[in-house]
Each structure stands twice: as structure tokens, then as C-alpha cells.
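Understanding the architecture of this molecule
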Amino acid sequence: MNADAAWDALNKALEDVVPACRGQALFTVERLTDEEWAECAAICDRCPVFRLCGAYATAAKVPSGFWAGRSYTPKGVISAPGGSRQTMKGTT
Ligand code: SF4
């Protein structure tokens, strides 16, 4: 799925759902503590648009923010608290 299609699918789903992350500043923080990470991940785990959110973040290669249980940075994606970044070429 390309980024435009993923965005359309996510937005369609969001017509019926207000995700718990909406308005939560933690989801846009550049570096999360382990506790903050766990808080965001717990919210995502219960989210009805988790799959669509993650699909968009991956397809669009979002440069920042916490999306569907993963933290995105300009240098790569972090999939666990305190974890190393995963880039397109591997771990940094
Ligand atoms: S899965 Fe996406 S939309 Fe849902 S709470 Fe997490 S970041 Fe928000």
C-alpha cells in the first residue's frame, strides 16, 4: 500500500473513531523515557486503528512521532523502549 492509499484508509477509519492519542503531547515528543514509551504503547495497544496507523507510518516513512507502538525519528524507527533504531539498512 502506498502512502496516499494508507492515509486515505486511516482517515476513513478516523471518521468513526477518536483515537486516545489525539491531543496527547507525548505522541510528538522527540525522545521518550521508558515510562513515557510504555504509556504510549499501552494506548496504541487498545487502539482500533492500530493496523491502519502503522501501515500509514511505514508507507509514508514518517519522520517523527509515536505511531502504532513505534517511535519514528529522522534516523530510523525505534520499536522498543530504550531500543536501537532500525533503519532501512539495519540497526544503528
Ligand atoms: S495506534 Fe496510532 S492512532 Fe492509535 S493511539 Fe496509537 S498512534 Fe494514535
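Everything that follows concerns the structure shown earlier in this document.
For clarity, every value in this text was computed on a predicted model and none was experimentally measured.

1. A closer look at the overall build of the protein chain
- Scanning the protein chain for helices and strands turns up three helices and five strands.
- Helices and strands in the protein chain line up, N terminus first, as α-α-α-β-β-β-β-β.
- Taken over 92 residues, the protein chain has a buried fraction of 18%.
- Taking the contacts inside the protein chain whose residues are at least 6 apart along the sequence as the reference set, 46% of them involve residues at least 24 apart.

2. Re the site of the ligand
- The ligand sits among 13 residues. The nearest are Pro19, Cys21, Cys44, Cys47 and Cys53.
- Listed by contribution, the elements that provide at least two residues to the shell around the ligand are helix H2 (34-45), helix H3 (50-60) and strand E1 (65-67).
- Looking at side-chain class alone, the shell around the ligand contains 13 nonpolar, no polar and no charged residues.

3. Observations regarding the nonpolar core
- Core analysis: the largest hydrophobic core is formed by 15 residues, its most contacted members being Leu52, Cys53, Tyr56, Ala57 and Trp67.
- Looking at this core, the elements with two or more residues in it are H2, H3 and E1.
- Counting residues per element, this core draws most heavily on H3, at five residues.
- Excluding residues within four positions of it along the chain, Ala57 makes contact with Val62, Trp67, Ala68, Arg70 and Tyr72.

4. Topic: the environment of Asp45
- Residue placement: Asp45 occurs in helix H2.
- Sequence separation between Asp45 and Gly69 is 24 residues, and the spatial gap between their C-alpha atoms is 7.2 Å.

5. Digging into the environment of Tyr72
- Its location among the elements puts Tyr72 in strand E2 (residues 70-73).
- In this structure the C-alpha to C-alpha distance between Tyr72 and Arg31, which are 41 residues apart in sequence, comes to 9.7 Å.

6. Here we look at the pairing of E2
- As paired elements, E1 and E2 share three bridges and run antiparallel to each other. Within the sheet, the bridge partner assigned to Phe66 lies in E2 and is Ser71.
- Linking E1 back to E2 in an antiparallel pair, the connection comprises two residues, with Ala68 at a positive phi of about 50°.
- Pairing of E2 with strand E3 (residues 76-78) involves three bridges; the strand directions are antiparallel. Pairing of Ser71 across the sheet is with Ile78, part of E3.

Rules of the game
- Residues numbered from 1 in each chain as written.
- Predicted model: local features only at pLDDT ≥ 70, side-chain atom pairs only at ≥ 80, totals over all residues.
- Helix = DSSP H or I, 4+ residues; strand = E, 2+ residues; numbered from the N terminus.
- Buried ≥ 20, exposed ≤ 12 C-beta atoms within 10 Å, placed from the backbone.
- Contact = placed C-beta atoms within 7 Å.
- Near = placed C-beta within 6 Å.
- Nonpolar A, V, L, I, M, F, W, Y, C, P; charged D, E, K, R; others polar.
- Core = buried A, V, L, I, M, F, W, Y, C linked by C-beta atoms within 7 Å.
- Pairing = 2+ DSSP bridges.

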